[in-house]
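# Architecture at a glance
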Amino acid sequence: MPTPLASAAPDAETLLDDPQEWASFGRQCPDTGEQGGAWESHVVVEGMHCATCALTIEEALRAVPGVAQAEVSAATQRARVVWQPGQVQPSQWLAAVRKAGYRALPAMDALAREQRVSEHRKALWRWLVAGFCMMQVMMYAWPAYIADPGDLSAEMERLLRWASWVITLPVVIFACGPFFGNALRDIRQRRVSMDLPVALGMAITFVVSTAGTFEPEGVFGHEVYFDSLTMFVFFLLTGRWLELRLRDRTVGALEAVMNRLPDSVERRGIDGSFERVAVRRLVPGDVIRVLAGEAFPGDGCITEGATLVDEALLTGESVPLARGVGCAVAAGSYNLRSAVEVRVQEVGAATRFGQIVALMESASLQKPRLARLADRVARPFLVLVLLAAALAALWWWPTDPSHALMVAVSVLIVTCPCALSLATPVAMLSAAGALARQGVLVRNLQGLEALASVDTVVFDKTGTLTREGMAVRGVHRLSELAADDALALAAMLARHSLHPVSRALVAEADRRNAATSECWRLEDVQETAGAGLSAWIRRAGDSGAARRLLLGSARHVGRDASGQGVLQQVFLAWQTEGLVPQPLAVFDLSEDLRPEAASIMKALQQAGVGVQLLSGDRAPAVARLAAQAGIAHWQGDCSPQDKLDALRRLEQQGHRSAMVGDGLNDGPVLAGAHVSFAFGRAVPLAQARADFVVLGDDLSLVPQAIVLARRTLRVVRQNLWWAAGYNALCVPLAIAGYMPAWLAGLGMALSSLLVVLNAARLTAPLAALPGVGELGHAVRSAAPVAAQPV
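Residues numbered from 1 in each chain as written. Predicted model: local features only at pLDDT ≥ 70, side-chain atom pairs only at ≥ 80, totals over all residues. Heavy atoms only, no water.

## Remarks on the sheet that holds strand β20 (residues 547–552)
- Reading across from one edge, β17-β22-β21-β20-β19-β18 is the order of the six strands in this open sheet, with antiparallel pairing throughout. Strands at the two margins of the open sheet, each flanked by one partner only, are β17 (471–477) and β18 (520–528). The average angle at which neighbouring strand axes cross in this sheet is 20°, direction not considered.
- By the bridge criterion, seven bridges tie β18 to strand β19 (residues 532–539) in an arrangement that is antiparallel. Within the sheet, the bridge partner assigned to Trp520 lies in β19 and is Arg539.
- Set on the sheet, helix α18 (residues 483–494) makes contact with β17, β18, β19, β20, β21 (568–575) and β22 (582–590); between it and β20 the angle comes to about 85°.
- Sitting on the sheet, helix α19 (residues 500–512) is in contact with β17, β19, β20, β21 and β22, with an inclination near 75° to β17. (Pairing = 2+ DSSP bridges. Helix = DSSP H or I, 4+ residues; strand = E, 2+ residues; numbered from the N terminus. Axes fitted to C-alpha atoms, helices over the stretch in contact; angles between N-to-C directions. Contact = heavy atoms within 4.5 Å.)

## Concerning the packing of helix α8 (residues 195–214) against helix α14 (residues 401–414)
- One can describe the packing of α8 onto α14 by two numbers: an axis separation of 8 Å at closest approach and a directional angle of 155°. On the basis of the axis angle, α8 is roughly antiparallel to α14. Judged by the sense of rotation from one axis to the other, the crossing of α8 with α14 is left-handed. Contacts between α8 and α14 pair Pro197, Val198, Leu200, Gly201, Ile204, Thr205 and Val208 from the former with Ser402, Leu405, Met406, Val409 and Leu412 from the latter.
- The residue inventory of the contact of α8 with α14, partitioned by class, reads nine nonpolar, three polar and no charged. (Parallel < 35°, antiparallel > 145°, perpendicular 65-115°, else oblique. Left-handed = near helix turned anticlockwise from the far one by under 90°. Nonpolar A, V, L, I, M, F, W, Y, C, P; charged D, E, K, R; others polar.)

## Here's the deal with the sheet that holds strand β9 (residues 299–304)
- With antiparallel pairing, six strands are arranged side by side in an open sheet as β7-β6-β8-β14-β9-β12. Edge positions in the open sheet fall to β7 (274–278) and β12 (328–329), since each of these has one partner strand only.
- Examined bridge by bridge, β9 and strand β14 (residues 340–346) share five bridges and lie antiparallel to one another. Each bridged residue has a counterpart across the sheet, and for Asp299 the counterpart in β14 is Glu346.

## Thoughts on the pairing of strand β23 (residues 610–614)
- Taken across its five residues, β23 has four buried, putting it largely inside the fold.
- In this structure, strand β16 (residues 456–459) lies alongside β23, joined through four bridges in parallel fashion. Paired with Phe459 across the two strands is Leu613, which belongs to β23.
- Examined bridge by bridge, β23 and strand β24 (residues 633–635) share three bridges and lie parallel to one another. Residue pairing across strands places Leu613 opposite Trp634, the latter belonging to β24.
- The parallel pair β23 and β24, bridged by helix α21 (residues 619–629), forms a crossover whose chirality is right-handed. (Buried < 20%, exposed > 50% of the residue type's maximum accessible area, 1.4 Å probe, protein only. Right-handed = clockwise from strand over helix to strand, strands pointing away.)

## Comments concerning the nonpolar core
- With 55 residues, the main nonpolar core has Leu451, Phe459, Leu465, Met601, Leu613 and Phe692 as its most contacted residues.
- Filtering out sequence-adjacent residues up to four positions away, Leu613 remains in contact with Phe459, Asp460, Lys461, Leu465, Val622, Leu625, Ala626, Ile631, His633, Trp634 and Gln635. (Core = buried A, V, L, I, M, F, W, Y, C linked by side-chain atoms within 4.5 Å.)

## Examining the pattern of salt bridges
- Counted by the stated rule, this structure contains 17 salt bridges.
- The closest approach of N and O atoms between Arg276 and Glu266, which form a salt bridge, is 3.7 Å. Here the residue Arg276 occupies a position in strand β7, and Glu266 occupies one in strand β6 (residues 264–268), the gap between them amounting to ten residues.
- The buried category is assigned to Glu266, whose relative accessible area is 15%.
- Two residues, Asp460 and Lys643, come together in a salt bridge whose shortest N-O distance is 3.3 Å. Separated by 183 residues along the polypeptide, Asp460 in the loop between β16 and α17 (461–465) and Lys643 in helix α22 (residues 640–652) bring together distant segments of the chain. Lys643 carries the same exposure label as Asp460, and that label is buried.
- Each member of the salt-bridge network shares a partner with another, and the members are Glu266, Arg276, Arg289 and Glu294. (Salt bridge = Lys/Arg side-chain N within 4 Å of Asp/Glu carboxyl O.)

Written as structure tokens, this is what we have:
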């Protein structure tokens, strides 16, 4: 719910209009389409607790001219805003959020973390005040419950009521203050959020009880409800505080990763001395000193000192790595041992850590299908709650006006759309946080729902089932060109690709110090997925006709691939325009199966998940590797279209498939699967088109993610059934007058709390989750089976 705001913030918001500050909480969008030149900013929004809050903020932001997109998540309390600098400034759309009754802060600002701590502290104080006053009020109310008729004199009963009234005042003024402030804002802005019915219930209870205290002989004088008021406020605040802590434990895992960069770092000045500056002020070329225990703020190279670094988030490597002078260090990795000096090479969004943060921020703001459905239901549901409370009061009024109002209060308090709106996103984000800690980034939150229904996993071969490193085993001349010249030409072209074959050719050329006897220049380099590379080549200084240089499969250079052996072969050829390609050389490469691949395939099959292998390599090589991995269904010599056709056949047969590829060359194929994984450290995250990106080398993370996705969907369904069942049961009981206000407050608090507690089970380490641990045992004990072609 929106938090009452003081007049602070406008001056601080104006400071964010400085273009140098924009990169600290966002990044510039690619210059494509209508968003050309736009900026994407991420902010933390204070005071959100339900879907109606998120919808209200989205509407306020989208109403600002120059704001192209706005996405708000109540579960993470974050917002993504895409805006045009030429039309609007950050202070203007931040002011729109403030006018709606909320406060937005830069997502990666230290102030946002301080505000989070302050919010926890205030919530704890309100809870303590409500708890202390509740116990005192109960002490004064207890005699009225146990006394026989005539035991309490009228004066004593009045004195106890006055004492309860006085002790209830701090609860109403301090502990309930945010609820009343939020409700007043709702009324002024003609909207309905979850705090409006709650505040209305509190106000009615206090007014009725106050009337009974000041006028014992009046229509409301026969009973007061201070004990019920303080009790349900205490229960409600208990639920809110625990929900706040548990939410930090669940979706907070994502924020912990995104905010791991330091706020400031020591930078060397012109005079050689170091001074501490904000990280956002760093530029490539700066020399910084990173102390032990600090995270590296940018990508760079160590110029002085040696240390150990933790790169678990970036590479999946859990063992600390030694880094000395001349070694590269990455933003987001931790310096574990001693201070080092680093020359900064990349900062911000250009670093791999920046790409990881971009993916996680995007995923945290996505709304899965079930969450969008709950959001659409939440606001109409609150309107129905108000109508139900009014009708209940009218029904009971002729019998007993005091009881009629308390029935209305129970109806207002017992209903909880908050649990309904939190049911899906909290569980999904908890699972995403658990996967992120293990080195699996979730690019598409909806992918978790799709992954839970997968019954077939289709693997690519190179860099997925095999180790990323390939080796050149032989260079065979097919022309008068010398072997080293052919290798150097191939490496020249291969340097434009991240494919494992290209990296192997470059590595072999570097190892041999291979260089061409003539100086060549490449133009218009193109990479064809699943085939190879091509470019126009001409001698340096030669303005004559260029030839086309081709590097890739036999099919790519126009050769017959039949009759080849099990070693992978890559051809180099050049082609004069209008003529057939002339082969220059062929390179033999080999690759090794990942040691865990066979056991993982067996474990997946035992879990009822089918496995298949689709590869662009020759059939003999694919058959050999499929037999080693225990994959019964495989297909070689696949073009990207062949792979897409295979996935479509699976879909026509009623299967739901997950594709595991390298994330770059398999981009179109990954997009054609129900859900997809990009596997390998070398994948540029900004270009990866998969739903999940595996950062490290652990292939077992794929089946573990499947198990976690299935468990997540079960938790989502449990949460939705609980939220719906709770309201279906408790609302009729409250309308019938069988649920007192204090019990309604307890039920409301527990409903949201149970949803978050259920989702918190997903934050455990993957190996500790039921089903995942059994999978790990199966991986270690499984054995391979024979292989047959598809």
